[in-house]
Amino acid sequence: MKKNLLLIVILLGSLNVVKAQKLDIIPKPVHIQQKPEVFVIPSSVQLIIDPGIQKSASYISSGFLKNSGISPKVSIGNKHKKHTILFLVDKKMSLPNDGYQLSVTKKGVVVKGKSPNGVLNGFQTVLQICSAKEVKKGTIPYVQIEDYPRFEWRGMMLDVSRQFFDKETVKKYIDWLAAHKMNVFHWHLTDDNGWRVEIKSMPDLTLKGGFRGPGEVLLPSYGSGNKRYGGYYAQDDIKEVVAFAAARGVAVMPEIEIPGHSRAVTAAYPEIGCVTTQETKSVQGEVKNVWCVGREENFQILDSIIKEFTTMFPFEYIHVAGDEVNRATWEQCPKCKGVMEKEGYTDTFQLQNYFFKRVEKIVEKYNRKTAGWNEIIKGGTLSPNTEIFAWQGVNYGIESVKRGHKTIMIPGQYTYFDMAQSENERGHRWAAIIDTKRVYRYEPIPINDLTHEQQKLIKGVQGALWSEYLDLPARFMEYQSYPRISALSEIAWSKKEDKNWENFYSRLTNSHLNRLANMGIAFRDFPPTANYNKGKITVTVPYTNAEVRYAVQSSEPTKQSPLYTSPIETKDYEHYKFKTFFGEAAASPSVKAEKPAVANWNSSKIEVLKISEDISEHVDKNGIWYLSFVPTEETTANGTIKEISLFENGKLIKSYATERTLKTKSRLRFVIDNYNEKNNYRIDFTIENKEAKESAAKVNLDCSPYQEPEVKVTSSMSENPKFPFSSLEDYKIDTYLRTENSCINGDWILYTFTNAVTASKIDVLTGIPHHPRFIANDGHVEYSYNGIDFEKGDSFNYGNAIIYPKQAVKAVRIMITGTNNEPILAAQDLRIHP
Ligand code: ACM
Ligand code: ZN
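Described below are features of the structure shown in this document. Being a predicted model, the structure only gives us computed values, none of them experimental.

**Concerning the sheet that holds strand 36 (residues 711-715)**
- Across the sheet, five strands lie side by side as 36-38-43-40-41; this open sheet has antiparallel pairing. Taken across any chain shown, the strands that pair with only one partner, and hence form the sheet edges, are strand 36 and strand 41 (791-795). Strand after strand, the sheet turns through a mean of 20 degrees between neighbouring axes, direction not considered.
- Where strand 40 (residues 779-784) lies against strand 43 (residues 809-816), six bridges are found, and the strand directions are antiparallel. Its bridge partner being in strand 43, Ser784 is matched across the sheet by Ala811.

Structural data, given as structure tokens:
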């Protein structure tokens, strides 16, 4: 008996030995064969580097030291010697561009690439193997890898205009892209809020247009406040960054924003803009931000700017933007109208096309090709060499391909990393809420809409990080980038057939998050889920060994907060917050404990489901209750809901009859003001699954933490009819006020309650929800107990102020004491705590 046991133990032990270690490579390689044995890296290992990639020698040796812990000797050559690591360029290899082979045997390591970039891609794989969790430091398991990218263009854009990132930060950003085998860094260098690249023939572009603040030509924006803010790159800085990127196999594509998004240009050189009698606003609320197309000198200026760009950027493409042009400006300008008349144009898109045809000629003159956002294909034809960036959606990419353009898929709905990653996080929402899984789910080739030939025009896929609100919190730029870019890299590189979220997530959480941490990235970790049921909070950690900590009293968990180890007994589940931490810098958003769903369903066939649930157990007080329908997965948001009713003791409280789709994430309001423990509560609703697609969701019922007393809102300012004052009376967070103009000293917004309200605390918020744009900088709140006499409260801090009333409040007033230096002011519903 004992003997048998021993035998089993030995067998199990040896099984462990023969099992190949997980390498957790991201992006996943095309072919990989692995053996359990390992190559032990000699402590005096030699790296032999092909003369063809000599420029990357120091990058390779320092990266090798960092990831393997072994300081190598480096020599230039192309012959493999025993126990060395050879990096070889072999143009004759029969692999797609950027492909490589990696062979690790007892003889040593050979990384062979068809091009220098291919070798560098192989090098990244070596680094990842050395840093895989299961691989012992100082060893490399025997592997044979043959690998190549699915797409030739694997890009990422960073906006350095709205927030300025210095040269060293940009280099780090590029370094992280290289680690993911991404090969294009799209540098968004100019926009309304700052011109960031030195142009010697136009020095004021940076000297004036590179800064904003009081007394500057550009007003403060995007959190820059009442101070001088900005910066720019000298031409030598740019060249340094370009060389740094080249040593890592990353090409740098510059973007010059023309003819719109050009407030920084027209602030520095007003004569470049149109002369108009009436100011119209761009999508972002900017005025005078368009190049005049009728001013002939502007084309000479563009020629000299583009010429200087080509001395700094050797890359084949210059991106000249063309997005969101406020063409209404041209309709007001005599010079632009003159061109339209002369050319017989009836539409300003034709004028835009005229502009880009001329820009294409300039770009061609300097032996470069033009790239632009998807709007530039409107209004006429362009050169077939012009490459289009489809940002507004997949259909824009389809249209661009059908028009014969090489196309980069960069749909905001999947690859805009300025979008928030979950409902309650900072970030834009206009395209979608985009978490890592949604990025991973994106498939860049719309096969149903394009022929096989047409599909070849999709050259690649790209992400974008716009920087409007990357000012806060610290290192938010890193949080918004990773691990979403890790997912993007796999879409761009790996075979479509190999795509598998669970497998990717396992590689990511097993080894890759640690690699990100070692690169120094403050990435967004995955949050835990916390469930409250019958007096107990139970937390599910997002992956094995995740470090989940919690805080009580609704404060944010920190690195010092207690570690979650077992279920927590409490009745105050609403006051707990949970958060995953990784290393010193990375963390997830915090989450609260959720109560069990009051109902759920899962259907994959065409059917009508009538659901009736007793929810008495879930209702425990008077208040405003919200019923929300939450799809289990994004892919299960199919079907419609209607006839949603809440009953108390069989008597209808309220009913919502109209049909709404599950995609709209409906949230329905019910008021319970007759609560009693003995009452019985029930909800009824109807689901109609109209197609044989999966419809699955849960239904949550939550009591609002706020009061919603009847209120009337008035102001000294004029309202934008699309964002009226009444939007501050509905307590819907996503509808908010936008004024027509910026605020000035003496302006006010007054909230008057029909009946005075007793509150422990009132949050007064300005700016767009989830987004500190158009906030009140200078001002304070006031409150009144009788509606006549007002007391002064807190000053605005980053657009927010808090009131702690001592008696029932009849009115709250926002008082402005200075312009917010933005084109408009935005304000939100009051958050009134009981
Ligand atoms: C863009 O997002 N306006 C290209
Ligand atoms: Zn004009």
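Past the structure itself, the notes keep going.
**Quick look at the pairing of strand 43**
- The buried count for strand 43 comes to six of eight residues, which makes it a mostly enclosed element.
- By the bridge criterion, six bridges tie strand 38 (residues 748-757) to strand 43 in an arrangement that is antiparallel. Pairing of Trp748 across the sheet is with Met815, part of strand 43.

**Let's talk about the coordination of the zinc ion (ligand 2)**
- Protein coordination of the zinc ion (ligand 2) is provided by Cys274 (SG), Cys292 (SG), Cys333 (SG) and Cys336 (SG), with donor distances spanning 2.3 to 2.4 Å.
- Around the zinc ion (ligand 2) sit four donor atoms; with metal-centred angles ranging over 101 to 115 degrees, the donor geometry is tetrahedral.
- All donors to the zinc ion (ligand 2) come from one chain, and their sequence spacing reads C-x17-C-x40-C-x2-C. A residue pair is termed long-range when its members are at least 10 positions apart, and Cys274 in the loop between helix 7 (263-268) and helix 8 (297-312) and Cys333 in the loop between helix 9 (328-332) and helix 10 (334-343) qualify at 59 residues. Assigned by exposure class, Cys274 and Cys333 land together as buried.

**Overview of the packing of helix 8 against helix 11 (residues 348-365)**
- Between helix 8 and helix 11, whose axes approach to 10 Å, the crossing angle comes to 40 degrees. As summarised for this structure, helix 8 and helix 11 are arranged oblique, according to the angle between their axes. Handedness of the crossing formed by helix 8 with helix 11: right-handed. Residues Phe299, Leu302, Asp303 and Ile306 of helix 8 lie in contact with helix 11, whose contacting residues are Tyr354, Phe355, Arg358, Val359, Ile362, Val363 and Lys365.
- Residues that form the contact of helix 8 with helix 11 fall into these classes: eight nonpolar, no polar and three charged.

**Quick look at the packing of helix 4 (residues 167-179) against helix 6 (residues 235-247)**
- Between helix 4 and helix 6, the shortest axis-to-axis distance is 10 Å and the interhelical angle comes to 15 degrees. When the axis of helix 4 is compared with that of helix 6, the two are roughly parallel. Seen along the crossing, helix 4 lies across helix 6 with a hand that is right-handed. Mapping the contact onto sequence places Lys167, Glu168, Val170, Lys171, Ile174 and Asp175 in helix 4 and Asp237, Glu240, Val241, Phe244 and Ala245 in helix 6.
- Among the residues forming the contact of helix 4 with helix 6, the class breakdown is five nonpolar, no polar and six charged.

**Considerations on the packing of aromatic side chains**
- Applying the stated rule across the entire model yields 45 aromatic pairs.
- Ring centres of Trp153 and Phe389 lie 5.8 Å apart, and the angle between their planes is 75 degrees; on these two criteria the pair is classed as edge-to-face. Taken together, the residues span a long stretch of sequence, with Trp153 in strand 8 (residues 153-159) and Phe389 in strand 17 (residues 387-390) at a distance of 236 residues. One exposure class covers both Trp153 and Phe389, and it is buried.

**Notes on the pattern of salt bridges**
- Across all of its chains, the model carries 44 salt bridges by this definition.
- When the shortest N-O distance is used, the salt bridge between Glu659 and Lys690 registers 2.8 Å. Of this pair, Glu659 sits in the loop between strand 31 (651-656) and strand 32 (660-661) while Lys690 is found in the loop between strand 34 (681-689) and strand 35 (695-703), placing the two residues 31 residues apart along the sequence.
- Residue class for Lys690 comes out partly exposed when judged on its relative accessible area of 42%.
- Connected through shared salt-bridge partners, Lys167, Glu168, Lys171, Asp237 and Glu240 make up one network.

**Quick look at the side chain of Glu286**
- Structurally, the position occupied by Glu286 is in the loop between helix 7 and helix 8.
- In this structure Glu286 comes out as buried when scored by relative accessible area, which is 11%.
- Apart from residues no more than four positions distant in its own chain, Glu286 is found in contact with Asp192, Asn193, Arg263, Thr280, Lys281, Arg773 and Pro823.

**Observations regarding the sheet that holds strand 45 (residues 831-833)**
- Strands sit in the order 42-39-45 across an open sheet of three strands; the sheet is antiparallel. Every other strand in the sheet has two partners, leaving strand 42 (800-803) and strand 45 as the edge strands with one partner each. For this sheet, the mean inter-axis angle between neighbouring strands, taken without regard to orientation, is 15 degrees.
- Of the pairings in the sheet, the one linking strand 39 (residues 761-765) to strand 42 comprises four bridges and is antiparallel in character. In the strand pairing of strand 42, Leu765 is matched with Asn800.

**Side note on the environment of Cys274**
- For Cys274, a relative accessible area of 14% corresponds to the buried category.
- Sequence separation between Cys274 and Glu331 is 57 residues; the distance between their C-alpha atoms is 9.8 Å.
- Not counting residues within four places of it along the chain, the set of residues in contact with Cys274 comprises Val290, Trp291, Cys292, Thr329, Trp330, Cys333 and Cys336.

**Focus: the pairing of strand 27 (residues 599-603)**
- Residues Ala599, Trp601 and Ser603 point to one face of strand 27 and are all buried, whereas Asn600 and Asn602, pointing to the other face, are not buried.
- Looking at chain direction, strand 27 and strand 35 are connected through five bridges and run antiparallel. When the bridges of strand 35 are listed, Ala599 appears paired with Val699.

**Some details on the environment of Tyr731**
- On the secondary structure map, Tyr731 appears in the loop between strand 36 and strand 37 (737-738).
- A relative accessible area of 11% means that Tyr731 is categorised as buried.
- Spatially, the C-alpha atom of Tyr731 lies 9.1 Å from that of Pro709, the residues being 22 residues apart in sequence.
- When neighbours within four sequence positions are excluded, Tyr731 is seen to be in contact with Tyr626, Gln707, Glu708, Pro709, Val711, Phe753, Asp829, Leu830 and Ile832.
- A distance of 2.6 Å separates the side chain of Tyr731 from the backbone oxygen of Pro709, its partner in a polar contact.

Rules behind the numbers
- Residues numbered from 1 in each chain as written.
- Chains lettered and ligands numbered in written order.
- Predicted model: local features only at pLDDT ≥ 70, side-chain atom pairs only at ≥ 80, totals over all residues.
- Heavy atoms only, no water.
- Pairing = 2+ DSSP bridges.
- Helix = DSSP H or I, 4+ residues; strand = E, 2+ residues; numbered from the N terminus.
- Axes fitted to C-alpha atoms, helices over the stretch in contact; angles between N-to-C directions.
- Buried < 20%, exposed > 50% of the residue type's maximum accessible area, 1.4 Å probe, protein only.
- Donors = N, O, S within 2.8 Å, 3.2 Å for Na, K, Ca; no water.
- Tetrahedral: all angles 85-135°; square planar, octahedral: opposite > 155°, others 65-115°.
- Parallel < 35°, antiparallel > 145°, perpendicular 65-115°, else oblique.
- Left-handed = near helix turned anticlockwise from the far one by under 90°.
- Contact = heavy atoms within 4.5 Å.
- Nonpolar A, V, L, I, M, F, W, Y, C, P; charged D, E, K, R; others polar.
- Phe/Tyr/Trp six-rings, centres within 6.5 Å; stacked < 30°, edge-to-face > 60°.
- Salt bridge = Lys/Arg side-chain N within 4 Å of Asp/Glu carboxyl O.
- Polar contact = N/O pair within 3.5 Å; in protein donor to acceptor, adjacent residues only side chain to side chain.

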